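# Coordinate inspection notes
Next come the chains, spelled out residue by residue.
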Amino acid sequence: MASAVELATGFFESIDGGFAALEAARGPWRPDSIGGQALTALAARELEQHCPIESAGCRLTLDFIRPTTFDAIQARTELLRSSTRLALLQLDLIQSDHVVVRASALFVRPLEADQAEGNAWTPTPDFSRPGIVDPAAATTPGSMISSAGYPNDWSAVFADHRNNARKRMWTTTMIPAIAGEKSTPFTRVATLAEATSFVTNWSEAGVPFINADVTLNLYRMPESDGLGLESNGQHAAAGVAVGSATLYDEFGVLGVSSVTAVANTHRQVHF
């Protein structure tokens, strides 16, 4: 099993009454903004910490409401409902008195004694993870991308995948939400899920869409440090795109993720 690498830095550091963004939180679209993965990691951490039940499944949705700066962020979490099986929470990330991210999470407690009968149709997964990653060659340490020649074209250099083929990502490295704090499996997979926009909207021209949201649906929590993300496809028209992906650990499928994105061609990301 691959070993996780927790980077020495983090997206944020805790300060009195909130969180201060660190350099790792800087987003790819504007140099003065906090990136979506950093915001997702922080939201997932805060929601999980306020969840009153042990969870197996989860639905997490984040709406990116306003552009961010590097000013301090406060988190406000509310428990909306808690029962023997479910916990529903809502979270606002607030910056300069404005809500910049609104998130909701539905956590589901496992119930081994109630196993459903029958077998609904499900696609056969063909995801296979790459071999050993060379950190020195990686665009993002510990992350690898596959596209045209899967499963033989895994590469740690993102520029190798400037094409419109299906994208897959695998990583054993995750930046923690808070510097010096080990990420939980849930926070790690939520952070990866925010990359759904990249793997679904990535073409030979780069990534011309910026996601306005991300939704993660898990039916089980990760059981390994290595995590994968595989595009299920993109549909786009009139400057609006939707995309979905499947999430994996080393033992198989974890769930699915989806994004809604809008064209941002004057600032599109080129790897």
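Check the entry above for the structure.
Quick look at the structure, then. (Residues numbered from 1 in each chain as written. Predicted model: local features only at pLDDT ≥ 70, side-chain atom pairs only at ≥ 80, totals over all residues. Heavy atoms only, no water.)

### Some thoughts on the overall build of the protein chain
The number of helices and strands found in the protein chain is 3 helices and 15 strands. Relative to the 2.2 N^0.38 estimate, which gives 18 Å for 271 residues, the radius of gyration of the protein chain is 18 Å and therefore close to what a compact globule would have. Dimensions along the principal axes, computed over C-alpha positions, put the protein chain at roughly 50 × 45 × 40 Å. Out of the 271 residues in the protein chain, the part that is buried amounts to 49%. Within the protein chain, counting contacts between residues at least 6 apart in sequence, those at least 24 apart form 66% of the total. Put simply, the protein chain has 19 plus and 29 minus side-chain charges, and the middle of one group is 4 Å from the middle of the other. (Helix = DSSP H or I, 4+ residues; strand = E, 2+ residues; numbered from the N terminus. Rg over C-alpha atoms; globule rule 2.2 N^0.38 Å. Buried < 20%, exposed > 50% of the residue type's maximum accessible area, 1.4 Å probe, protein only. Contact = heavy atoms within 4.5 Å. Lys, Arg positive; Asp, Glu negative; His and termini not counted. Charge placed at Lys NZ, Arg CZ, Asp CG, Glu CD.)

### Overview of the pairing of strand E5 (residues 74-82)
With 8 bridges joining them, E5 and strand E6 (residues 86-95) adopt antiparallel strand pairing. Paired with Arg 81 across the bridge in E6 is Leu 88. Taken together, E5 and the strand that follows it, E6, pair antiparallel across an intervening segment of 3 residues. (Pairing = 2+ DSSP bridges.)

### Here's the deal with the nonpolar core
Among the nonpolar cores identified, the biggest contains 57 residues, and Phe 12, Leu 60, Leu 93, Phe 107, Phe 186, Leu 216 and Leu 247 are the most heavily contacted of them. The biggest single contributor to this core is helix H1 (residues 36-49), with 7 residues. Listed in part, the 7 residues of the second largest apolar core include Met 144, Tyr 150, Ala 156 and Tyr 248. (Core = buried A, V, L, I, M, F, W, Y, C linked by side-chain atoms within 4.5 Å.)

### Points about H1
The terminal C-alpha atoms of H1, which comprises 14 residues, lie 20 Å apart, in line with the 20 Å expected from a rise of 1.5 Å per residue. The buried count for H1 comes to 11 of 14 residues, which makes it a mostly enclosed element. Taken together, the buried positions of H1 are occupied by Gly 36, Ala 38, Leu 39, Thr 40, Ala 41, Leu 42, Ala 43, Ala 44, Arg 45, Glu 46 and Leu 47. (Expected span 1.5 Å × (residues − 1).)

### Overview of the environment of Asp 63
Inspection of the secondary structure puts Asp 63 in strand E4 (residues 57-64). The exposure class of Asp 63 is partly exposed, given its relative accessible area of 37%. Apart from residues lying up to four places away in sequence, Asp 63 is in contact with Val 100, Val 101, Arg 102, Ala 212 and Asp 213.

### A word on the pairing of strand E13 (residues 227-237)
The sheet contact formed by strand E9 (residues 168-171) and E13 spans 4 bridges and is antiparallel. In the strand pairing of E13, Thr 171 is matched with Leu 227. Here E13 folds back onto strand E14 (residues 240-249) in antiparallel fashion, the turn holding 2 residues, of which Ala 238 has a positive phi close to 55°.

### A look at the pattern of salt bridges
The tally for this structure, following the rule as stated, stands at 11 salt bridges. The shortest N-O distance in the salt bridge between Glu 250 and Arg 129 comes to 3.7 Å. Placement of Glu 250 in the loop between E14 and strand E15 (252-263) and of Arg 129 in the loop between strand E7 (98-108) and strand E8 (143-146) is noted, with a sequence separation of 121 residues between them. Residue class for Glu 250 comes out buried when judged on its relative accessible area of 18%. Two residues, Glu 223 and Arg 220, come together in a salt bridge whose shortest N-O distance is 3.4 Å. One continuous salt-bridge network, built from bridges that share partners, spans Arg 45, Glu 46 and Glu 181. (Salt bridge = Lys/Arg side-chain N within 4 Å of Asp/Glu carboxyl O.)

### Concerning helix H2 (residues 185-193)
Every α-helical turn comprises 3.6 residues, leaving residues that sit three or four positions apart pointing alike. Of all the 9 residues making up H2, 8 are buried; the element is thus mostly covered by neighbouring parts of the structure. Taken residue by residue, H2 has Phe 186, Thr 187, Arg 188, Val 189, Ala 190, Thr 191, Leu 192 and Ala 193 as its buried positions.

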